[in-house]
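The residues making up each chain are set out below.
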Amino acid sequence: MEILADKLRPQKLDDIIGQQHLVGPNKIIRNLVENNHIVSMILYGKPGIGKTSIACAIAKEINKPYRMLNATINNKQDFDIVIEEAKMNGEMIIIMDEIHRLNKDKQDLLLPYIENGLIILIGMTTSNPYHKINPAIRSRCQIFELKELTDEEIKEGILKSSKYLKDIKIDEEAINAIIKLASGDLRSAINLLEIAYYGTKDKHVNLDAVKNINNKAIFFSDANEDGHYDVLSGLQKSIRGSDVDASLHYLARLIIAGDLDSIYRRLSVICYEDIGLANPSIGPKLMAAIEASELVGLPEARIPLGTIVTEMALSPKSNSAHIALDEALKDIENGNTGNLPNHIKTNSPLYKYPHDYPNSWVKQQYLPDKIKNRRYYKPKYNKYEANLNKLHREMRGEK
């Protein structure tokens, strides 16, 4: 039986929800289709935001033969068959999921045909292609990043999908619950709607019907409720304020919501924005906690995350380093720069090599003349920075 999400797969670009920066009027992918000139490309972004929909809509609108492959599931023989089909047709679009997992044998098989235009590759991945996709494939493809869908776009998809469910009644609070549970994944939202619909006797999808599918706590983001970004803000401000109990409370909310990526990103910022040089070991410790969380997944991920957030909240705080850089950036943006001193330019014979001097330090000017006395870094009074400054002064022979 065909599921609703597949039944609703867009047949043309006009059916796509969101991604208007790519498929909207006079945007790049729409123009390529309208000019009947499709090139190999990689579509990347989070699950359920339209990668497969855009790929299929392109193939159908441009009216070229296409096949769908998965870089992991399909074997080399499957690839050989598609290539033979392409030779018979004179051209073929291959829509490939999980392209970041394409192994060398399959890649070597495809590359010459991508090169000569027999195959137009539309790859799809949730991973950053600049890090995860082999350069040989990446260099032959245009890369397009899909944006996260907004709550309004997810709601549009839910309402559009509901028209295909006979005699459905759906409450506004049920729609809002589905939006939050889907976390930006439209396919997930449609699947939740379909299960809630068939999981009721009277075809009335209310909040209880949604909770019967997933009883995970739902945090709404409208003006009268706790928004997702407000909870992230509460986490950062609690850690910054060294309130370990509040920090763990907001971490718990985010863990229940299941959005580990947002937790990782925000904690990474906090490490360097709020703790910084006061506890420089916290950055590597956080990376280790993130790796452990990814390895074990939820619910066990709460253990390394709880440990690192506790240490972050209890750590001394310093924003001196990033404030110093912000001051330097401000100077450059305002044109307050100048030419490098001649002695530190490339291969200058006037340069004094610090390692040839006691304490690996020699007095010489590094900043341009115009700002030679500028001081960006202003240390905070914590143990680590105090020790750094003490060693720095001793190295320069200062008391």
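Residues numbered from 1 in each chain as written. Predicted model: local features only at pLDDT ≥ 70, side-chain atom pairs only at ≥ 80, totals over all residues. Heavy atoms only, no water.

Caption draft 1: Geometry of the nonpolar core. Grouped together as the largest cluster of nonpolar side chains are 51 residues, with contacts concentrated most on I29, M41, L43 and I58. Sequence-distant contacts of L43, defined by excluding residues within four places in its chain, comprise I29, K51, I54, A55, I122, G123, M124, T125, F144 and L146. Within the second largest apolar cluster, 25 residues are counted, among which are I83, A86, L102 and I133. (Core = buried A, V, L, I, M, F, W, Y, C linked by side-chain atoms within 4.5 Å. Buried < 20%, exposed > 50% of the residue type's maximum accessible area, 1.4 Å probe, protein only. Contact = heavy atoms within 4.5 Å.)

Caption draft 2: Representation of the pairing of strand β4 (residues 119–125) within the structure. The element β4 is extensively covered by neighbouring structure, given that seven of its seven residues are classed as buried. Note: strand β1 (residues 41–44) against β4, four bridges, orientation parallel. Across the sheet, the residue bridging to M41 is I122, located in β4. Taken together, the six bridges between strand β3 (residues 92–97) and β4 define a ladder with parallel strand orientation. Its bridge partner being in β4, M92 is matched across the sheet by I119. (Helix = DSSP H or I, 4+ residues; strand = E, 2+ residues; numbered from the N terminus. Pairing = 2+ DSSP bridges.)

Caption draft 3: View of the sheet that holds β1. Judged by pairing direction, the sheet is parallel, and its five strands sit side by side in the order β2-β3-β4-β1-β5 without closing on themselves. Whereas interior strands pair on both sides, the edge strands pair on one side only; in this sheet they are β2 (66–70) and β5 (142–145). The sheet shows a mean angle of 20° between the axes of neighbouring strands, taken without regard to direction. As defined by bridge partners, β1 adjoins β5 across four bridges and the pair is classed as parallel. (Axes fitted to C-alpha atoms, helices over the stretch in contact; angles between N-to-C directions.)

Caption draft 4: How the structure looks around the packing of helix α10 (residues 172–182) against helix α11 (residues 186–198). Relative to each other, α10 and α11 sit at 135°, their axes nearing to 8 Å. In terms of axis orientation, α10 runs oblique to α11. By crossing handedness, the relation of α10 to α11 is classed as right-handed. Side by side, α10 and α11 meet where I178, L181 and A182 of the first sit next to S188, A189, L192 and L193 of the second. Grouping the constituent residues of the contact of α10 with α11 by class yields six nonpolar, one polar and no charged. (Parallel < 35°, antiparallel > 145°, perpendicular 65-115°, else oblique. Left-handed = near helix turned anticlockwise from the far one by under 90°. Nonpolar A, V, L, I, M, F, W, Y, C, P; charged D, E, K, R; others polar.)

Caption draft 5: Structural detail: a nonpolar patch on the surface. Taken together, the side chains of Y351, Y353 and Y366 define a hydrophobic patch exposed on the protein surface, amounting to about 320 Å² of accessible area. As for its placement among the helices and strands, Y366 is situated in the loop between α18 (320–333) and α19 (383–395). Judged by relative accessible area, Y366 falls into the partly exposed class, the value being 42%. (Patch = residues over 30% accessible without salt bridge, like charges linked within 9 Å, V, L, I, M, F, W, Y side chains within 5 Å. Areas by Shrake-Rupley, 256 points an atom, 1.4 Å probe, with all protein chains shown as cover. Salt bridge = Lys/Arg side-chain N within 4 Å of Asp/Glu carboxyl O.)

Caption draft 6: Quick peek at the packing of aromatic side chains. Going through the model one piece at a time under the given rule, you end up with one aromatic pair. Ring geometry for Y197 and Y198: centres 4.7 Å apart, planes at 80°, overall edge-to-face. (Phe/Tyr/Trp six-rings, centres within 6.5 Å; stacked < 30°, edge-to-face > 60°.)

Caption draft 7: Up close: the pattern of salt bridges. Counted according to the given criterion, the structure contains 17 salt bridges. Among the salt bridges present, the one from K87 reaches E84, with a minimum N-O distance of 3.4 Å. In this pair, K87 and E84 both sit in helix α5 (residues 76–89), three residues apart, roughly one turn of the helix. Since its relative accessible area comes to 42%, E84 is described here as partly exposed. The partner of D108 in a salt bridge is K104, and the shortest N-O contact between them spans 2.8 Å.

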